[in-house]
Amino acid sequence: TRTDDAAKKHAIQRKSEGNSHFVKKDYTRAIECYTDAIQSNPLDATFYSNRSACHMAINDYTEALCDAIRTRTIRVDWTKGFYRLAVARLALERFDDAAEAAWGGYCNWIT
């Protein structure tokens, strides 16, 4: 529908703004942009993945993990989702879980 198209367009715009803030290392503002993008289009795994990276950058590992899990839930076969999951688990010292996610990403990547 037209409303869905407008919401997706808004989400893409907010993602772009978030990316600009991320490059400038303004992670708090980037998180706000990605959060707004998610509210407009909650089924785009990229928004969660990018927000996970921001949370990692500010050492908020629990939130990074939550967004990594959401990323993997939406796009189960996306290698970057495995990466986000592994990095967050590693930061939380969940070493076995991190290794499992990394291995899953590797296996997904080679197939």
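Everything numeric in this text was worked out from a predicted model, so none of it was measured.

Student: How would you sum up helix H4 (residues 61-74)? Please name residues and give values.
Tutor: If you check H4, its first and last C-alpha atoms are 20 Å apart, about what 14 residues at 1.5 Å a residue would give, namely 20 Å. Considered for burial, the residues of H4 that qualify are Ala 64, Leu 65, Asp 67, Ala 68 and Thr 71. Buried residues of H4 fall within an arc of 170° about the axis and therefore sit on the same side.

Student: Any details on the packing of helix H2 (residues 27-40) against helix H3 (residues 45-57)? Residues and values, ideally.
Tutor: With their axes 9 Å apart at the nearest point, H2 and H3 run at an angle of 160° to one another. The orientation of H2 relative to H3 falls into the category roughly antiparallel. Pair H2 / H3 crosses with left-handed handedness. Counting all contacts with H2, which are made through Tyr 27, Ala 30, Ile 31, Tyr 34, Thr 35, Ala 37 and Ile 38, the residues of H3 involved are Phe 47, Tyr 48, Asn 50, Arg 51, Cys 54, His 55 and Ala 57. Of the residues belonging to the contact of H2 with H3, the class tally is 10 nonpolar, three polar and one charged.

About the cut-offs
Residues numbered from 1 in each chain as written. Predicted model: local features only at pLDDT ≥ 70, side-chain atom pairs only at ≥ 80, totals over all residues. Heavy atoms only, no water. Helix = DSSP H or I, 4+ residues; strand = E, 2+ residues; numbered from the N terminus. Expected span 1.5 Å × (residues − 1). Buried < 20%, exposed > 50% of the residue type's maximum accessible area, 1.4 Å probe, protein only. Arc of directions from axis to C-beta. Axes fitted to C-alpha atoms, helices over the stretch in contact; angles between N-to-C directions. Parallel < 35°, antiparallel > 145°, perpendicular 65-115°, else oblique. Left-handed = near helix turned anticlockwise from the far one by under 90°. Contact = heavy atoms within 4.5 Å. Nonpolar A, V, L, I, M, F, W, Y, C, P; charged D, E, K, R; others polar.

Function cannot be read off these values alone, since they describe shape.
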